[in-house]
Amino acid sequence: MQVRVVDYQAADAAEAFTRSLHETGFGVLVNHPIQQTLVEKIYADWLAFFNTEEKHQFAFSKEKQDGYFSTEISETAKGASQKDIKEYFHIYPWGRVPASLKADADTYYAQANTLAQELLGWVERYTPPEIAQRYSEPLSHMIQDSQQTLLRVLRYPPLTGQEPAGSIRAAAHGDINLLTILPAANEPGLQVQDMNGNWIDVPCDFGMLIINIGDMLQEASRGYYPSTQHRVVNPTGDGAKKSRISLPLFLHPRNEVVLSERYTAHSYLQERLRELGVKA
């Protein structure tokens, strides 16, 4: 499997990008409208925040799922036995954000959400008619006025050598949502699984934007768009001494959107949060 790199400004970008999603579950964009200087500033500012005690003042809410999630309560991937080695902060437009970090977070959320909606429109445009007719409503309508789209700021801390046997920064998993948009992180480590079960390194050059399909789009498309398994592996050598910052935006439909005969967006999300161990 080769993750196709698509120039956002190319004439055939929408078709090439959607084909990559169908074939691999992933696509990589270059020359996109997300400001790299803003991404780098957010990385630096949030890395500093995660190194303070202030983060504990924003302890996450089980009801709302916003705020700070410590390494002690981090997710356990579906089917995994160890928690991921990470801490993170959930940002919603209506949620809590440290005052000094809010303006940049809001700006990035707006930029990334606008692009995510455009990309979902590309997917909608190039979905075969026999697949599209199964959608309960057009994909672009599913996210209108959604309050569920989530910006997550992730920090994978330096490794100490005392980690539980078998634990990694992020165990193999599929995302829950429709699409995930992810600027290349400040350190490598992201891998995707191909159709033969092999793990492939995802390009991580600064300025690249990695997009993958989530389980909700797989459900709504009856598997036409595959939610590819991915993971973040532990670094070795000098890389093990560094933090890794990641900034995924998870594009979610409104709660009442019908994904399939089995699920609404709300029922699917609640089931997955319970599986992850972050909701009672």
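Residues numbered from 1 in each chain as written. Predicted model: local features only at pLDDT ≥ 70, side-chain atom pairs only at ≥ 80, totals over all residues. Heavy atoms only, no water.

1. Points about the overall build of the protein chain
We count it as follows: Under the DSSP-based scheme used, a helix requires at least four consecutive residues in state H or I and a strand at least two consecutive residues in state E, with every element numbered from the N terminus. Accessible area is worked out with a 1.4 Å probe on protein chains only. A residue is then buried under 20% of its type maximum, exposed over 50%, and partly exposed in between. With residues, only the protein chains shown are counted as cover, and all accessible areas are computed by Shrake-Rupley using a 1.4 Å probe. Asp and Glu are treated as the negative residues and Lys and Arg as the positive ones, with His and the ends of the chain left uncounted. Where a charge sits is defined by one atom per residue type, namely NZ (Lys), CZ (Arg), CG (Asp) or CD (Glu).
Scanning the protein chain for helices and strands turns up 7 helices and 13 strands. Counting only C-alpha atoms and orienting by the principal axes, one finds that the protein chain spans roughly 50 × 40 × 35 Å. Each of the 280 residues in the protein chain was classed as buried or not, and the buried ones make up 53%. Surface exposure of the protein chain reaches about 12200 Å², of which carbon and sulfur atoms provide 49%. Charge separation in the protein chain, taken as the distance between the mean sites of 26 positive and 34 negative side-chain charges, equals 4 Å.

2. Some remarks on the packing of aromatic side chains
Our working rule: What counts as a ring pair is set by centres within 6.5 Å for rings of Phe, Tyr and Trp (its six-membered ring), and what kind of pair is set by the plane angle: stacked under 30 degrees, edge-to-face over 60, tilted for all other angles. Think of it as a cone above the ring: NZ of Lys or CZ of Arg counts as a charge over the ring if it is within 6 Å of the ring centre and within 35 degrees of the ring normal.
With the rule as written, the count across this model stands at 15 aromatic pairs. On the basis of an interplanar angle of 15° and a centroid distance of 4.6 Å, the ring pair of Phe69 and Tyr88 is categorised as stacked. With Phe69 in strand 3 (residues 67-69) and Tyr88 in strand 4 (residues 87-91), this residue pair connects regions lying 19 residues apart in the sequence. Tyr88 matches Phe69 in its accessibility class, with the two residues each being buried. Through pairs of rings, three or more aromatic residues link up here, namely Trp46, Phe49, Phe50, Phe58, Tyr68 and Phe89. Above the ring of Tyr88, the side-chain terminus of Arg152 is found at 4.2 Å from the ring centroid.

3. Things to note about the nonpolar core
Note the threshold: Buried residues of nine kinds, namely Ala, Val, Leu, Ile, Met, Phe, Trp, Tyr and Cys, make up a nonpolar core once their side-chain atoms join them within 4.5 Å. The contact rule is simple, with two residues in contact once any of their heavy atoms fall within 4.5 Å.
In this structure, Leu29, Trp46, Tyr108, Leu119 and Leu179 are the most contacted members of the largest nonpolar core, which totals 62 residues. Of all the elements, helix 3 (residues 99-125) adds the most residues to this core, at 11 residues. Apart from the residues lying within four places of it in its own chain, the contact partners of Leu29 are Val6, Tyr8, Phe17, Leu119, Trp122, Gly207, Met208, Leu209 and Ile211. With 16 residues, the next largest nonpolar core counts Val28, Phe69, Tyr156 and Val202 among its residues.

4. Some details on the environment of Pro128
One can find Pro128 in the loop between helix 3 and helix 4 (129-132). Take Pro128: its relative accessible area is 16%, and that puts it in the buried class. Sequence separation between Pro128 and Tyr224 is 96 residues, and the spatial gap between their C-alpha atoms is 9.3 Å.

5. What about the environment of Gly214?
With respect to the element layout, Gly214 can be found in the loop between strand 10 (209-213) and helix 6 (215-220). The sequence separation of Gly214 and Pro226 amounts to 12 residues, and the corresponding C-alpha distance is 7.9 Å. Setting aside residues up to four positions removed in sequence, Gly214 forms contacts with Asp175, Ile176, Asn177, Leu178 and Ser227.

6. Quick notes on the packing of helix 2 (residues 36-50) against helix 3
What counts is decided by this rule: Note on definitions: angles span 0 to 180 degrees between N-to-C directions of axes, and those axes are lines fitted to C-alpha atoms, for helices only across the stretch in contact. Working rule for angles: under 35 degrees goes down as roughly parallel, over 145 as roughly antiparallel, 65 to 115 as roughly perpendicular, anything else as oblique. Should the near helix be turned anticlockwise from the far one by less than a right angle, the crossing is left-handed, and should it be turned clockwise, the crossing is right-handed.
Put simply, helix 2 and helix 3 touch, their axes get as near as 10 Å, and they point 135° apart. As the angle between them shows, helix 2 and helix 3 are arranged oblique. Seen from above, helix 2 lies across helix 3 with left-handed handedness. Across the interface between the two elements, Leu38, Val39, Lys41, Ile42, Asp45, Trp46 and Phe49 of helix 2 pack against Leu101, Asp104, Thr107, Tyr108 and Gln111 of helix 3.

Coordinates in, geometry out; function isn't part of it.
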